[in-house]
Amino acid sequence: MTHIASTTVGLDQLLAAAHDLALAGRWERALGLLDSTDGASPDDRARLALAAAEVALLSDWFAGTELTAARADRAEKEAPGADWDLGFIRLRHDYRCQLIRAGAFRPGPEGKDPEALAGIRRDAHGLRDSAPDEVRRGWASMYLGLTVENLFAERAAAPTHYEDALRAGGAGGDDLLSREALRHLGDHAHDAGDHERAVECWERATVLGARAGLVPGVLAQQLLLAVLARDTGDEPGARALAREVGRWAEAIGANRLHAQTTGFLDGVDPTAAPESENGA
């Protein structure tokens, strides 16, 4: 007869452990931990369902899975009062679905439903204006910036939102929010030819991502540092760093990052917008 062991762990600790596993790229293990936990109350079950949707979102983004929609639907049933948090999960999911098409990065409005794009922008504004605290307002500002830049091609309008996110992340002690803002502010500095500012933003983003335990995010940031090495003529250094990033990304199942790294080694700039489908 098989004996099934059980133990008692505080829910806050369990949710924190699942969050850390997901940041480290252990998405299946994090979901397994959450799914094997019995919530003692409706509130506990709601928190577990929302946490699972967050993990699914990370898995979809880095590993190319398609888990978020079902997890968000389940969370909506378990947590009918979690309007803002669930709305933010759905916003990020919708953003990703418009940005990543057939596994490829496809920014801009070309070939996309204008009503769907307008809905994402409207939702981002609404979440920013209704955020219950400054950090969550910062996250909504971050995604408002990403939306106007990557879905509407209004690049010049984005940095203001990223600066708002950076201030909120610093004030609220949210390293992941600050890291996300610095990553994209560094991209704007890079495109403007401000190498010093790009290095400052991207190195700081790498440190913050590492401190938060975001393994695939740190690898993605290292690839951007490889871009800077190539820009300054250090091709051997750029390739050595990119090869290491590629090995790590493949090992943890960060498939999209691995593909980006392979492209970089073949001479593709991962910070450049792809050509349009008509070749323009």
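Residue positions are counted from 1 within each chain, in the order its sequence is given. Under the rules for a predicted model, residues below a pLDDT of 70 receive no local features and side-chain atom pairs below 80 are neither given nor counted, while totals for whole chains, interfaces and linings still include all residues. To get the side-chain values, all heavy atoms of the structure are used, and hydrogens and water are removed first.

Q: Help me understand the confidence of the model for the protein chain in this model?
A: Reading predicted coordinates in detail is not appropriate for stretches of low pLDDT. Every residue gets a pLDDT, meaning the predictor's confidence in that residue, from 0 to 100. Across the protein chain, the average pLDDT comes to 92, with 95% of residues at or above 70. For this analysis, residues touch if any pair of their heavy atoms sits within 4.5 Å. Note that residues 274-280 has pLDDT below 50 and, in this model, eight contacts with residues that lie over four places away or in other chains.

Q: Would you mind going over the pattern of salt bridges with me for this structure?
A: Any two side chains of opposite charge can pair, so long as their charged atoms come close to each other. Salt bridges are counted wherever a side-chain nitrogen of Lys or Arg sits within 4 Å of a carboxyl oxygen of Asp or Glu. Scanning all chains against the criterion turns up 21 salt bridges. Between Asp85 and Arg136 there is a salt bridge, with its nearest N and O atoms 3.0 Å apart. Remark: Arg136 occurs in helix 7 (residues 134-151) and Asp85 occurs in helix 5 (residues 83-99); sequence separation between them is 51 residues. Residue classification places Arg136 among the partly exposed residues on the basis of a relative accessible area of 25%. Strands are runs of DSSP state E lasting at least two residues, helices are runs of H or I lasting at least four, and both sets are numbered from the N terminus onward. The classification of residues rests on relative accessible area computed with a 1.4 Å probe and restricted to protein chains. Under 20% of the type maximum is buried, over 50% is exposed, and intermediate values are partly exposed.

Q: Just to check I follow, could you spell out the packing of helix 1 (residues 11-23) against helix 2 (residues 27-35) for this structure?
A: When two helices pack together, you describe them by how their axes are tilted relative to each other and by the distance separating the axes. Axis geometry follows a simple rule: fit a line to the C-alpha atoms, using only the stretch in contact for helices, then measure angles between N-to-C directions, giving values from 0 to 180 degrees. Packing of helix 1 against helix 2 brings their axes to within 7 Å, and their N-to-C directions diverge by 160 degrees. When the axis of helix 1 is compared with that of helix 2, the two are roughly antiparallel. At the point where helix 1 passes helix 2, the crossing takes the left-handed sense. Residue-level contacts link Leu14, Leu15, Ala17, Ala18, Leu21 and Ala22 of helix 1 to Trp27, Arg29, Ala30, Leu33 and Leu34 of helix 2. Residues that form the contact of helix 1 with helix 2 fall into these classes: 10 nonpolar, no polar and one charged. The scheme is simple: roughly parallel for angles under 35 degrees, roughly antiparallel for over 145, roughly perpendicular for 65 to 115, oblique for anything else. Two helices cross in a left-handed way if the nearer one is turned anticlockwise from the farther one by less than a right angle. They cross in a right-handed way if the turn is clockwise. Basically, the charged four are Asp, Glu, Lys and Arg, the nonpolar ten are Ala, Val, Leu, Ile, Met, Phe, Trp, Tyr, Cys and Pro, and anything else, Gly included, counts as polar.

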